[in-house]
Amino acid sequence: MWTNFFKLRLFCCLLAVLMVVVLVVNVTQVEYLDHETVSATFIDSSGQFVSSQVTGISRNPYCGYDQQTLSSQERMEEDSLLAALHQQVPDVGPVPFVKSTDPSSSYFVILNSAAFFKVGSQLEVLVHVQDFQRKPKKCGGDYLQARIHSPKLQAGAVGRVVDYQNGFYKVFFTLLWPGKVKVSVSLVHPSEGIRVLQRLQEDKPDRVYFKSLFRSGRISETTECNVCLPGNLPLCNFTDLYTGEPWFCFKPKKLPCSSRITHFKGGYLKGLLTAAESAFFQSGVNIKMPINSSGPDWVTVIPRRIKETNNLELSQGSGTFPSGYYYKDQWRPRKFKMRQFNDPDNITECLQRKVVHLFGDSTIRQWFEYLTTFVPDLVEFNLGSPKNVGPFLAVDQKHNILLKYRCHGPPIRFTTVFSNELHYVANELNGIVGGKNTVVAIAVWSHFSTFPLEVYIRRLRNIRRAVVRLLDRSPKTVVVIRTANAQELGPEVRPQPLSAKGTWES
């Protein structure tokens with residue numbers, strides 16, 4: 001009996017050891033995922049989370065970003081973002097202009113135009129794109145914008161575009177107000193143009209370059225700067241010690257690196273497009289052009305009964321799309337009630353006893369400009385900062401309000417910024433105590449549009465870590481993130497043909 005009992009105990013011990021070994025092996029495999037094959041979760045074109053096996057994720061080797069030390073979670077997150085992007089624009093090789101997307105010969109049709117619509121109903125629109133030979137396209141990847149709107153009501157909402165990768169797109173709208181509702185679809189960029197822009201972003205990320213002025217006494221020198229610099233010339237390494245964000249300048253010939261005075265935009269490289277590529281960027285031809293309807297382009301929507309309206313509001317979950325809409329020129333969110341601040345007194349009441357920090361590019365600086373213009377008691381304190389650059393400060397002593405703005409660290413395409421004012425947002429957040437009377441608003445995106453996505457992802461990752469630390473130590477701090485919006489680039493930023501003739505856009 002004791003012999004059998006001993007054998008049973010020995011068997012159980014061996015089984016336990018085997019289970020521990022298997023567990024350790026599995027954990028090791030999860031934590032050290034091979035960068036060539038990653039299980040990625042991303043949002044597909046229909047807005048759903050998709051888990052798939054993403055093979056051969058290619059990282060841009062620019063500035064050694066492909067050699068970053070990332071945790072398994074960070075690497076998986078980055079692979080997910082890159083995989084989601086690469087799925088949108090298939091690489092079909094060189095395409096002649098006549099076989100590219102022609103908005104004038106493309107069309108859309110309302111699939112259920114004869115249906116009976118109520119507020120809250122779904123409207124489906126099918127878009128069929130054709131080329132300049134009026135032949136149907138067999139691939140997707142075009143950048144379409146779709147909206148419903150009622151000009152008389154000053155109402156509008158966006159639609160969710162699904163790319164079927166075969167020349168057909170479907171747009172889903174939620175009808176959110178009663179009355180006559182018009183559908184509009186536009187081609188922002190053809191897929192052929194998007195592939196050119198992606199090539200420029202990957203192969204020519206330094207097409208926007210920066211400079212710094214170095215000065216000591218009567219001696220001054222100006223050298224080129226960027227996230228990284230080619231060649232073997234001596235460099236000044238201005239990489240941030242806390243975030244690790246890289247920044248370099250060519251070392252002046254006579255001055256030390258410590259003599260840097262200012263940072264400013266150098267300019268943009270020209271002549272990066274061939275004549276064939278430049279044809280995909282023609283104003284009035286294939287850039288931000290309307291796609292017409294082959295039938296009715298409007299529907300009539302009737303109100304819901306009160307009971308149906310209440311049920312509709314209760315049914316709106318976290319996946320509601322769109323998140324809101326305009327009605328009578330006022331933004332109306334769908335998932336929560338929003339308080340309107342239509343007069344200075346309301347804004348003052350909200351901000352009373354608050355310290356408001358604004359960090360980022362010009363899209364958040366505009367908040368500072370709006371508040372100091374609209375609220376009479378909020379007076380700007382002149383710090384002598386360059387116009388449109390900052391830092392800026394405004395005070396309302398009567399109501400104890402302090403409003404601050406500071407631009408983010410490089411790359412930043414402002415005219416001139418003093419080098420000692422180049423602060424990274426993550427470092428600024430680390431210096432904020434926080435609390436119930438502290439508000440932080442961040443907008444960082446516009447100045448990263450010419451760089452590979454890895455550069456932007458890294459910056460946001462550092463900012464997110466700092467936000468998490470801030471909320472850990474001061475959970476009652478209010479943090480607002482302003483995300484990017486579609487932006488028309490000015491003539492200086494637009495890709496130019498080799499001959500630099502014509503009016504092309506990006």
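The model shown is predicted, which means the values in this text are computed figures rather than measured ones.

(A) Seen up close, the layout of surface pockets. Roughly 1200 Å³ of volume is contained in the second largest pocket. Lining the second largest pocket are 26 residues; nearest its centre among them are Met338, Arg339, Phe341, Trp367 and Val480. Those elements that place two or more of their residues in the lining of the second largest pocket are β19 (330–333), α6 (344–351), β20 (355–360), α7 (362–374), β25 (438–443) and β26 (478–481). Class assignment of the residues belonging to the lining of the second largest pocket gives a composition of 18 nonpolar, 4 polar and 4 charged.

(B) Up close: the sheet that holds strand β12 (residues 219–226). With antiparallel pairing, 6 strands are arranged side by side in an open sheet as β13-β14-β12-β11-β15-β24. In this open sheet, the two strands that pair with only one neighbour each are β13 (235–237) and β24 (417–418). Inspection of the sheet shows strand β11 (residues 208–216) paired to strand β15 (residues 260–268) by 7 bridges, in the antiparallel sense. By the bridge assignment, serine 212 is partnered in β15 with histidine 263.

(C) Here's a closer look at the sheet that holds strand β21 (residues 379–381). The 6 strands are arranged β21-β22-β23-β20-β25-β26 in an open sheet whose pairing can be described as mixed. In the strand order of this sheet, the two ends are held by β21 and β26, each with one partner. Shown here is a sheet whose adjacent strand axes are inclined to one another by a mean of 20°, direction ignored.

(D) Molecular detail of the state of the cysteines. Within this structure, the stated rule accounts for 2 disulfides. Sulfur-sulfur distance for the disulfide between cysteine 225 and cysteine 249 comes to 2.0 Å. Here cysteine 225 and cysteine 249 share a disulfide; its torsion about the S-S bond, 105°, makes the bridge right-handed. Of this pair, cysteine 225 sits in strand β12 while cysteine 249 sits in strand β14 (residues 248–250); the two residues are 24 residues apart in sequence, bridging distant segments of the chain. Linked covalently through their sulfurs, cysteine 236 and cysteine 257 form a disulfide whose S-S length is 2.0 Å. One disulfide, between cysteine 236 and cysteine 257, carries an S-S torsion of -85° and so falls in the left-handed class. With cysteine 236 in strand β13 and cysteine 257 in the loop between β14 and β15, the pair connects residues that are 21 residues apart, well separated along the chain.

(E) A look at the nonpolar core. Core analysis: the biggest nonpolar cluster contains 28 residues, and Leu123, Val127, Ile148, Trp177 and Val183 have the highest contact counts within it. With 26 residues, the next largest nonpolar core counts Cys225, Tyr424, Leu429 and Leu470 among its residues.

(F) Layout of the confidence of the model for the protein. On average, the protein scores 83 in pLDDT, and the residues at 70 or more come to 79%. Here residues 310–315 is a poorly scored stretch, pLDDT under 50, and it has 3 contacts once near neighbours within four places are set aside; other chains count. A low-confidence stretch, residues 498–506 stays under pLDDT 50, and its non-local contacts, those more than four residues away or across chains, total 25 contacts.

(G) Broad picture of α6. Taken residue by residue, α6 has Ile347, Thr348 and Leu351 as its buried positions. Looking straight down α6, one finds its buried side chains confined to an arc of 100°; they lie on one side. You can read the cap of α6 off the contacts: a side-chain oxygen lies 3.1 Å from the backbone nitrogen of aspartate 345, and it is on aspartate 343. Looking one or two residues beyond α6, the residue adopting positive phi is arginine 353, at roughly 65°.

(H) Focus on the pairing of β12. Strand direction decides the pairing type here: β11 and β12, joined by 7 bridges, are antiparallel. Looking across to β12, one finds that phenylalanine 210 is bridged to cysteine 225. From the end of β11 to the start of β12, which pair antiparallel, there are 2 residues, and glycine 217 there has a positive phi angle of about 65°. Two elements, β12 and β14, share 2 bridges in a ladder whose sense is antiparallel. Residue pairing across strands places asparagine 226 opposite phenylalanine 248, the latter belonging to β14.

What counts, and at which threshold
Residues numbered from 1 in each chain as written. Predicted model: local features only at pLDDT ≥ 70, side-chain atom pairs only at ≥ 80, totals over all residues. Heavy atoms only, no water. 1 Å grid on protein atoms, 1.4 Å probe; cavity = no way out; pocket = protein on both sides within 12 Å on 5 of 7 lines; lining within 4 Å. Points joined across faces, edges and corners; volume = space filled by probe spheres on them. Helix = DSSP H or I, 4+ residues; strand = E, 2+ residues; numbered from the N terminus. Nonpolar A, V, L, I, M, F, W, Y, C, P; charged D, E, K, R; others polar. Pairing = 2+ DSSP bridges. Axes fitted to C-alpha atoms, helices over the stretch in contact; angles between N-to-C directions. Disulfide = S-S within 2.5 Å. Core = buried A, V, L, I, M, F, W, Y, C linked by side-chain atoms within 4.5 Å. Buried < 20%, exposed > 50% of the residue type's maximum accessible area, 1.4 Å probe, protein only. pLDDT = per-residue confidence, 0-100. Contact = heavy atoms within 4.5 Å. Arc of directions from axis to C-beta. Polar contact = N/O pair within 3.5 Å; in protein donor to acceptor, adjacent residues only side chain to side chain.

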